[in-house]
Amino acid sequence: MFPEALINSPLFGIGLTVIVYAISEIIVDRLRLSVIPPILLACPVIIAVIVFCPSVEYEHYAAGADFINFLLGPATIALALPLYNNRAVIVQNAAAIISSITLATVVAIIAIYVCAKGLGASDQVLLSLLPKSVTTPIAIEVSKTIGGIPALTTAAVIFTGILGATFNHKLLAVFGIKSDLAAGLAIGASSHGIGTSACAAVSAMQLAIGGVAIALTGIATSIFAPLLLPLLQSVW
């Protein structure tokens, strides 16, 4: 289906990702499927290409797509611009932001542990799910530190981000939450970069607060996950 020279080139993974995502954006725009982020359409298509095309293996795709994965770091750092522009509000609400993120991180770790244990997940799967609400580079390192499976952690992080991008603002509307500060904190703390990217179309303030929440949640998770894990294991 694809020329061998193209498959073996790093451009294959990059090109396939960009083209499929662009087509997904057009479909969402033309059909007015605002409830569905383009990534939700693009991911199954790329997986289908890898699974059903005999000449294409994951290694062929990853050779180029890993470069896009690398850009997650710079993309997250780019959130510093709206953060800088709204620094006065962030400094003014520093205490509320830090306390909210700390509480959210602790509750998330406990909730994930209890749910995974209750549903019969193995210890390694449970450990892989604990950092699911943190941006991918940090989540992978936390997963390695506590004994999880980095690949499974990555999948959980992506799935969490997609759910956040799809439903976060709709859930906030249902509960009548209109504060950009509260919305940005909730979205950034629960669904990291993918979820926070949806804030760009809503409010620069939300995007800035979401960026702060991503960074603080990553720091808090890397601190509290190893500390809370032995305590939770001793209880259950």
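Residues numbered from 1 in each chain as written. Predicted model: local features only at pLDDT ≥ 70, side-chain atom pairs only at ≥ 80, totals over all residues. Heavy atoms only, no water.

Below, the discussion takes up the overall build of the chain. Across its full length, the chain holds 13 helices and zero strands. Computed over C-alpha atoms, the radius of gyration of the chain comes to 19 Å, within 12% of the 18 Å expected from 2.2 N^0.38 for 236 residues, which places it in the range of a compact globule. Summarising its shape, the C-alpha atoms of the chain cover approximately 55 × 40 × 30 Å along the three principal directions. Per-residue burial over the chain gives 37% buried out of 236 residues. Here the chain holds 8 positive side-chain charges and 9 negative ones, and the gap between their average locations is 17 Å. (Helix = DSSP H or I, 4+ residues; strand = E, 2+ residues; numbered from the N terminus. Rg over C-alpha atoms; globule rule 2.2 N^0.38 Å. Buried < 20%, exposed > 50% of the residue type's maximum accessible area, 1.4 Å probe, protein only. Lys, Arg positive; Asp, Glu negative; His and termini not counted. Charge placed at Lys NZ, Arg CZ, Asp CG, Glu CD.)

Let us now look at the environment of Ala88. Relative to the helices and strands, Ala88 is located in helix α7 (residues 87-92). In the structure, Ala88 is positioned 33 residues away from Ser55 in sequence and 54 Å away in space, judged by C-alpha atoms.

A word on helix α10 (residues 136-146). In an α-helix, one turn spans 3.6 residues, which is why side chains three or four residues apart end up on the same side. Listing the buried residues of α10 in full gives Thr136, Ala139, Val142, Ser143 and Ile146. Axial view of α10: buried residues confined to an arc of 125°, hence all on one face. With respect to the buried face of α10, the exposed residues turned more than 90 degrees away are Lys144 and Thr145. Gly147 sits one or two residues past α10 and shows a positive phi near 95°. (Arc of directions from axis to C-beta.)

A few words on the confidence of the model for the chain. Considering every residue of the chain, the mean pLDDT works out to 84; 95% of them sit at 70 or more. Mean pLDDT in the chain bottoms out at helix α1 (residues 4-7), which sits at 68, and peaks at helix α8 (residues 94-118), which reaches 91. (pLDDT = per-residue confidence, 0-100.)

At a closest axis distance of 8 Å, the pairing of α8 and helix α13 (residues 204-235) adopts a crossing angle of 45°. If you check the angle between α8 and α13, you find them oblique. At the point where α8 passes α13, the crossing takes the right-handed sense. Residue composition of the contact of α8 with α13, by class: 17 nonpolar, five polar and no charged. (Axes fitted to C-alpha atoms, helices over the stretch in contact; angles between N-to-C directions. Parallel < 35°, antiparallel > 145°, perpendicular 65-115°, else oblique. Left-handed = near helix turned anticlockwise from the far one by under 90°. Nonpolar A, V, L, I, M, F, W, Y, C, P; charged D, E, K, R; others polar.)

For any two helices packed against each other, the geometry is given by the interaxial angle and the distance between the axes. At a minimum axis distance of 6 Å, the contact between helix α2 (residues 10-30) and helix α4 (residues 58-70) shows a crossing angle of 65°. For the element pair α2 and α4, the recorded crossing hand is right-handed. Seen from α2, the contacting residues are Pro10, Phe12, Gly13, Ile14, Leu16 and Thr17; seen from α4, they are His60, Tyr61, Ala63, Gly64, Ala65, Phe67 and Ile68. Here the contact of α2 with α4 is built from residues that sort into nine nonpolar, four polar and no charged. (Contact = heavy atoms within 4.5 Å.)

Attention now moves to helix α11 (residues 150-174). If you check α11, its first and last C-alpha atoms are 34 Å apart, about what 25 residues at 1.5 Å a residue would give, namely 36 Å. Along α11, the largest kink reaches about 45° and is centred on Phe167. Buried within α11 we find Thr153, Ala156, Val157, Thr160, Gly161, Ile162, Gly164, Ala165, Thr166, Asn168 and Leu172. In this structure, the buried side of α11 is in contact with α3 (38-52), α9 (123-129), α10 and α12 (180-197). Backbone geometry just after α11 places Gly176 at a positive phi near 70°. (Expected span 1.5 Å × (residues − 1). Bend = angle between axes of the 7 residues up to and from the residue.)

Moving on: the nonpolar core. Membership of the largest hydrophobic core comes to 13 residues, with the highest contact counts inside it found for Ile109, Tyr113, Leu126, Leu127, Leu130, Ile146 and Leu229. Only α8, α9, α10 and α13 provide two or more residues apiece to this core. Beyond its immediate sequence surroundings of up to four residues, Leu126 is in contact with Tyr113, Ala116 and Lys117. (Core = buried A, V, L, I, M, F, W, Y, C linked by side-chain atoms within 4.5 Å.)

Moving on, we come to a nonpolar patch on the surface. A grouping of Phe159, Leu163, Phe167, Leu171, Val174, Phe175 and Ile177 is seen on the molecular surface, where their side chains present a nonpolar patch of about 740 Å² in accessible area. Position of Phe175 relative to the elements: it lies in the loop between α11 and α12. (Patch = residues over 30% accessible without salt bridge, like charges linked within 9 Å, V, L, I, M, F, W, Y side chains within 5 Å. Areas by Shrake-Rupley, 256 points an atom, 1.4 Å probe, with all protein chains shown as cover. Salt bridge = Lys/Arg side-chain N within 4 Å of Asp/Glu carboxyl O.)

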